[in-house]
Number of protein chains: 2
Amino acid sequence: MIPRPIQDALQKIVGPQHLLTQKEDMLTYSYDAAVLDPVMPSAAVIPENTAQLGEIIALCHENTIPITVRGSGTNLSGGTIPQSSGIVILTGRMNNIIEINEADMYAVVEPGVVTATLAAEVEKRGLFYPPDPGSMAVSTIGGNVAENAGGLRGLKYGVTKDYVMGLRFFDSQGNYIKTGSRTVKCATGYNITGLMVGSEGTLGVLDQVILKLIPAPKARQAMVAVYDTIEQASETVAGIISARIVPATLEFLDNFTIRAVEDFSKAGLPTDAAALLLIEVDGHPAVVAEEAEQVKALCLKMGARTIDQAKDDAQRDKIWAARRAALSALAQLKPTLVLEDATVPRSKIPDMVRALQDIAKKYRIDIGTFGHAGDGNLHPTILTDRRNKEEFHRVEQAIEEIFDKALAMGGTLSGEHGTGIAKAPFLEKEAGYSSILFSRRLRAALDPKNILNPGKITGV
Amino acid sequence: MIPRPIQDALQKIVGPQHLLTQKEDMLTYSYDAAVLDPVMPSAAVIPENTAQLGEIIALCHENTIPITVRGSGTNLSGGTIPQSSGIVILTGRMNNIIEINEADMYAVVEPGVVTATLAAEVEKRGLFYPPDPGSMAVSTIGGNVAENAGGLRGLKYGVTKDYVMGLRFFDSQGNYIKTGSRTVKCATGYNITGLMVGSEGTLGVLDQVILKLIPAPKARQAMVAVYDTIEQASETVAGIISARIVPATLEFLDNFTIRAVEDFSKAGLPTDAAALLLIEVDGHPAVVAEEAEQVKALCLKMGARTIDQAKDDAQRDKIWAARRAALSALAQLKPTLVLEDATVPRSKIPDMVRALQDIAKKYRIDIGTFGHAGDGNLHPTILTDRRNKEEFHRVEQAIEEIFDKALAMGGTLSGEHGTGIAKAPFLEKEAGYSSILFSRRLRAALDPKNILNPGKITGV
């Protein structure tokens, strides 16, 4: 528990109704979407504006109180699991879209803005904010920046870091830091903006985010290719990339996932298929038509049983709704779901798919695999029950083997879910000890009291 | 001078022919393309490989010897001006292209690889490395990364930082650090890769760079639009952007620059024009044809006297050769050339062009303006003679006013030339003192002995 005088001070800053200390509230903020032990914070505060946010941070700094900032808590690596001695700052009231500049194609938003809300506002103006994490209907821009969130469109459009032009944030002492610019090019000072993206709240607390927007594509075509073998599907992914076609989206679903989604959402998916590819090309109408035909021909050549093109927006939306249901659908099947995120160079997708099948067999566990195959970013999803210690031990062994396989293929531990607590112990495998020390030095210099989301990324 | 035993140790590492200490050599490495006082280093070493590089850094760390790494010395902000007590590391022998992976579309290169060499190698394979700084014929990838170099194609394709997927570098103590990945998505650990890009050699010494490649555009069309007033040209720039057309390149040349280029290169430019726009659209042939027509119509609507499309590659190359000659051409006119880089949100280009005209008049100086108008990134180029103290004082005042105008328009001090020594004193104007302190803390933690290119960016 934090001391009474500090509670009083927090209450004075945000008002009594925006300071939460009841056990049932603390429970809500004790976990996120990673499979980790929950930790109840001491309090949660809900600032309304920059001034309140700055006062909270200065107060916490003075009194050495750990701070974990939370948007919607959708992150998958334990990045929002707080410290028991600390507070959670909720960004829900700092949810203003401050500016959408159509002429210069950027937006300035507060961290609590929901990703889908921004995307919709921007779309109304003929513009496009491409990053679309699976949780975008509830996830916040602040959370997306903190985790460098990816999404389905990463293949063609990149991830959150590719759209953050500038930031305004408080450092650990409550100083207000401005980085980046409203210009598309900026080479002034260090690229602190780049460093902050994906830093999981350990280097500062976001106040404003300047996001790059781009013109909306004029046309798009979604397709579903159905395969009788998983190899044909994964080889198609490699084939599309090597044909130098860059779809906006190129998603893979294995049979396990197809059946789970179909049970859950009755989308009409072929439950006997070994794998599906969900593909969307976008851009100029002429290019879309041409690329859609090329993709179709390639899928059939690689052995697709069928490939269907969405006939209208409703059919398209249905395809993506089915894909977005994958995680929820799989989550219904067993008490515990571990969503992995190991990522490989794209040409290694067939190898990775094979490796996942072998690992599932070896450890006698259920792995449903879906994800952003075009990025090399699959989400092998392990269904288990954490209370079954013997099985969960096998799950942990399987996860470590997935990491090892990904690294052996020149891949990375995390494509888009971050490091958090979940992957901090494995970071050395990928980056080496020197890189961890480098990161710790950096972190210690910027947060000497270690109050900003302790324990994440570097394990300290 | 560095002590004899250290010279001996350096010589032992690289061999006698790769340690330079003669005055005439030191002179060569005492300056770069910024207008600043030269500083002669104590020695220059030319390592051949990773092992030698690591040994040099460890030796310098142990003996607190400042290190400035130099590619081709083309940078424009004093980033490669050494310390008199320090050494220069030349990257010229570390110029291997280690890997070009066509399937996964990335390249791994050593820092001394010349930008144009890499671009050409990549092009042979139907791939594309877009960043094309004006100096790409001689500039190195290491220098491009250190300065976060931009170029003519930034508008559509972004700048160097958008293509750096991972790095291998030595920290100030000689530890080997691995960041990023060969995968297109990577959210593992801090984004040290992003931090290193543009850090001007102050946080580490590059050993390898992993660069993202993209499929080469299938077609392109270059055009030259001729204007009788500078306003019509600058308004066209804003018009093209607001029509949501994204050319690969959208360059502006004022009359002063046109005449200088024509004198220099006899390219056939209309010397009576108030301004030119050099425009290239690229991509799918159908889109290129359509966008070229749209651009043409827009230029004419905005008052262009003529607009000519390049009929073949030879004509296209001639256009870009003329543009690339601008800096050299202007440099012939007077003893001192100050190339500025202040950048504004793109819709402010007309305002900035007007402001530059006013500033030239107010301070009675010659400013030739050209540059990447589509990015908001103009290069007002001041022609002067540094030995004329009275005039140079007016030049300095003008530069400061250019900065103030850019910042007042929501712009930035540097679009693509970095901070170096030249802009370090002005950084506070843009970022505020807190941001500088934040940067200094970061820097001090990563280079506690302050041996990595001291004085750059944060002024320490």
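Residues numbered from 1 in each chain as written. Chains lettered and ligands numbered in written order. Predicted model: local features only at pLDDT ≥ 70, side-chain atom pairs only at ≥ 80, totals over all residues. Heavy atoms only, no water.

### Points about the overall build of chain A
Phase 1: Across its full length, chain A carries 16 helices and 18 strands.
Phase 2: Within chain A, the proportion of its 460 residues that are buried is 62%.
Phase 3: Within the structure as shown, chain A displays about 15,900 Å² of accessible surface, and the carbon and sulfur contribution to it stands at 51%.
Phase 4: The distance from the centre of the 47 positive side-chain charges to the centre of the 54 negative ones in chain A is 2 Å. (Helix = DSSP H or I, 4+ residues; strand = E, 2+ residues; numbered from the N terminus. Buried < 20%, exposed > 50% of the residue type's maximum accessible area, 1.4 Å probe, protein only. Areas by Shrake-Rupley, 256 points an atom, 1.4 Å probe, with all protein chains shown as cover. Lys, Arg positive; Asp, Glu negative; His and termini not counted. Charge placed at Lys NZ, Arg CZ, Asp CG, Glu CD.)

### Describing the sheet that holds strand S4 (residues 87-90) of chain B
Backbone hydrogen bonds are what pair the strands of a sheet, in a parallel or an antiparallel way.
Residue and element names in this part refer to chain B.
Phase 1: The sheet built from 4 strands is open, its strands ordered S1-S2-S4-S3 with mixed pairing. With partners counted over all chains shown, the strands left at the sheet margins are strand S1 (19-20) and strand S3 (67-70), one partner each.
Phase 2: Note: strand S2 (residues 43-45) against S4, 3 bridges, orientation parallel. By the bridge assignment for S4, Ala43 is matched with Ile87.
Phase 3: This element, helix H3 (residues 50-63), spans S2, S3 and S4 of the sheet and lies at about 170° to S4. (Pairing = 2+ DSSP bridges. Contact = heavy atoms within 4.5 Å. Axes fitted to C-alpha atoms, helices over the stretch in contact; angles between N-to-C directions.)

### Comments concerning the relation of the copies chain B and chain A
Phase 1: Least-squares fitting of chain B to chain A yields an RMSD of 0.0 Å, with the transformation described by 0.0 Å of translation along the axis and a rotation of 180°. Such values leave the two copies arranged in the relation of a two-fold axis.
Phase 2: Taken as a fraction of all interface residues of chain B, those also at the interface in chain A reach 100%, which identifies the copy contact as same-surface. (Least-squares fit on C-alpha atoms with pLDDT ≥ 70 in both.)

### A word on the interface of chain B and chain A
Phase 1: Between chain B and chain A, the contact holds 81 residues from the first and 81 residues from the second.
Phase 2: Between chain B and chain A, roughly 6,600 Å² of surface is buried when both sides are summed, and carbon and sulfur atoms account for 57% of that area.
Phase 3: In terms of surface lost to chain A, no three residues of chain B exceed Lys185(B), Tyr190(B) and Arg244(B), which account for 15% of the buried area on that side.
Phase 4: In this assembly, chain B and chain A are joined by 8 salt bridges.
Phase 5: Across the pair Asp375(A) and Lys185(B) runs a salt bridge, and its minimum N-O distance is 2.8 Å.
Phase 6: The interface formed by chain B and chain A contains 38 residue pairs in polar contact (both at pLDDT 80 or more).
Phase 7: For the side of chain B that touches chain A, the secondary structure elements donating two or more residues are strand S9 (176-180), helix H7 (192-196), helix H10 (285-301), helix H15 (427-431) and helix H16 (433-446) of chain B.
Phase 8: No other element matches the 9 residues that H16(B) contributes to the side of chain B that touches chain A.
Phase 9: By residue class, the composition of the side of chain B that touches chain A is 30 nonpolar, 34 polar and 17 charged. (Buried area = accessible area lost by both parts, 1.4 Å probe. Salt bridge = Lys/Arg side-chain N within 4 Å of Asp/Glu carboxyl O. Polar contact = N/O pair within 3.5 Å; in protein donor to acceptor, adjacent residues only side chain to side chain. Nonpolar A, V, L, I, M, F, W, Y, C, P; charged D, E, K, R; others polar.)

### Observations concerning H10(B)
In an α-helix, one turn spans 3.6 residues; hence positions three or four apart end up facing the same way.
Residue and element names in this part refer to chain B.
Phase 1: With 17 residues, H10 extends 24 Å from end C-alpha to end C-alpha; this agrees with the ideal 24 Å at 1.5 Å per step.
Phase 2: For H10, every residue scored as buried is listed here: Val287, Val288, Glu291, Ala292, Val295, Leu298 and Cys299. One face of H10 carries all of its buried residues, which in axial projection span an arc of 130°.
Phase 3: One or two positions beyond H10, positive phi appears at Gly303, with a value near 105°. (Expected span 1.5 Å × (residues − 1). Arc of directions from axis to C-beta.)

### Points about empty space enclosed by the protein
Phase 1: In total, this model carries 1 cavity of 30 Å³ or more according to the counting rule given.
Phase 2: Of the voids in this model, the largest cavity is the one considered here, and its volume is about 30 Å³.
Phase 3: Lining the largest cavity are Pro345(A), Arg346(A), Asp104(B), Met165(B), Arg182(B), Thr183(B) and Val184(B).
Phase 4: Split by residue class, the lining of the largest cavity holds 3 nonpolar, 1 polar and 3 charged. (1 Å grid on protein atoms, 1.4 Å probe; cavity = no way out; pocket = protein on both sides within 12 Å on 5 of 7 lines; lining within 4 Å. Points joined across faces, edges and corners; volume = space filled by probe spheres on them.)

### Regarding the side chain of Ser42(B)
Residue and element names in this part refer to chain B.
Phase 1: Within the fold, Ser42 resides in the loop between helix H2 (23-28) and S2.
Phase 2: On the accessibility criterion, Ser42 (1% relative accessible area) is buried.
Phase 3: Within polar-contact distance, the side chain of Ser42 engages the backbone oxygen of Ser84 at 2.8 Å.
Phase 4: For Ser42, the contacting residues outside a window of four places in its chain are Met1, Ile2, Thr21, Met26, Ser84, Ser85 and Gly86.

### Quick look at the sheet that holds strand S6 (residues 106-109) of chain B
All names here are of chain B.
Phase 1: With antiparallel pairing, the 5 strands of this open sheet are ordered in space as S5-S6-S10-S8-S9. Strand pairing shows two members of the sheet lacking a second neighbour, strand S5 (97-101) and S9, which therefore form its edges. With direction set aside, neighbouring strand axes in the sheet form an average angle of 10°.
Phase 2: Here 5 bridges tie strand S8 (residues 164-170) to S9, and the two strands are oriented antiparallel to one another. Bridge pairing in S9 places Phe170 opposite Tyr176.
Phase 3: Lying on the sheet, H3 is in contact with S8, S9 and strand S10 (205-212); it crosses S10 at an angle near 135°.
Phase 4: Lying on the sheet, helix H4 (residues 115-124) is in contact with S5, S6 and S10; it crosses S5 at an angle near 35°.

### As for the packing of helix H13 (residues 349-362) of chain B against helix H14 (residues 389-408) of chain B
All names here are of chain B.
Phase 1: Closest axis-to-axis distance for the H13/H14 pair is 10 Å, and the angle between their directions is 155°. In terms of orientation, H13 and H14 fall into the roughly antiparallel class. In the packing of H13 onto H14, the handedness of the crossing is right-handed. Between H13 and H14, the contacting residues are Met352, Ala355, Leu356, Ile359 and Lys362 on the first element and Ala398, Glu401, Ile402, Lys405 and Ala406 on the second.
Phase 2: The class makeup of the residues in the contact of H13 with H14 is 7 nonpolar, no polar and 3 charged. (Parallel < 35°, antiparallel > 145°, perpendicular 65-115°, else oblique. Left-handed = near helix turned anticlockwise from the far one by under 90°.)

### Some thoughts on the domain arrangement of chain A
Residue and element names in this part refer to chain A.
Phase 1: Along its sequence, chain A is carved into domain 1 (4-90), domain 2 (97-215), domain 3 (219-408) and domain 4 (423-460).
Phase 2: Listed by partner, the interface residues are 4 residues for domain 1 and 6 residues for domain 3.
Phase 3: The contact between domain 1 and domain 3 buries some 380 Å² in all, and 64% of this surface belongs to carbon and sulfur atoms.
Phase 4: It is Val35, Asp37 and Leu76 that lose the most area in domain 1 upon contact with domain 3, and together they represent 91% of the buried surface on that side.
Phase 5: At the boundary of domain 1 with domain 3, the tally comes to 1 salt bridge.
Phase 6: For Asp37, the salt bridge identified is with Arg386, shortest N-O distance 3.3 Å.
Phase 7: Our enumeration of links across domain 1 and domain 3 arrives at 1 residue pair in polar contact (both at pLDDT 80 or more).
Phase 8: Taken together, the residues of the side of domain 1 that touches domain 3 sort by class into 3 nonpolar, no polar and 1 charged. (Domains from an automatic or database assignment.)

### Details of the pattern of salt bridges
Phase 1: As enumerated under the stated definition, the model contains 58 salt bridges over all chains in all.
Phase 2: Linking Asp272(A) and Arg305(A) is a salt bridge whose minimum nitrogen-to-oxygen distance equals 3.2 Å. With a gap of 33 residues between them, Asp272(A) in the loop between helix H9 (255-265) and strand S14 (275-283) and Arg305(A) in the loop between helix H10 (285-301) and strand S15 (306-309) connect regions that are remote in the sequence.
Phase 3: On the accessibility criterion, Asp272(A) (53% relative accessible area) is exposed.
Phase 4: Put simply, Arg316(A) and Glu280(A) hold a salt bridge, and the shortest N to O gap is 2.7 Å. You can see Arg316(A) sitting in helix H11 (residues 313-324) and its partner Glu280(A) sitting in strand S14, a full 36 residues away along the chain. Here Arg316(A) matches Glu280(A) in class, with each residue buried.
Phase 5: Connected via shared salt-bridge partners are Glu102(A), Glu121(A), Lys124(A), Arg125(A) and Arg244(B).

### So, the confidence of the model for chain A
Phase 1: Across chain A, the average pLDDT comes to 96, with 100% of residues at 70 or higher.
Phase 2: Listed scores for the predicted complex are pTM 0.97 and ipTM 0.96. (pLDDT = per-residue confidence, 0-100.)

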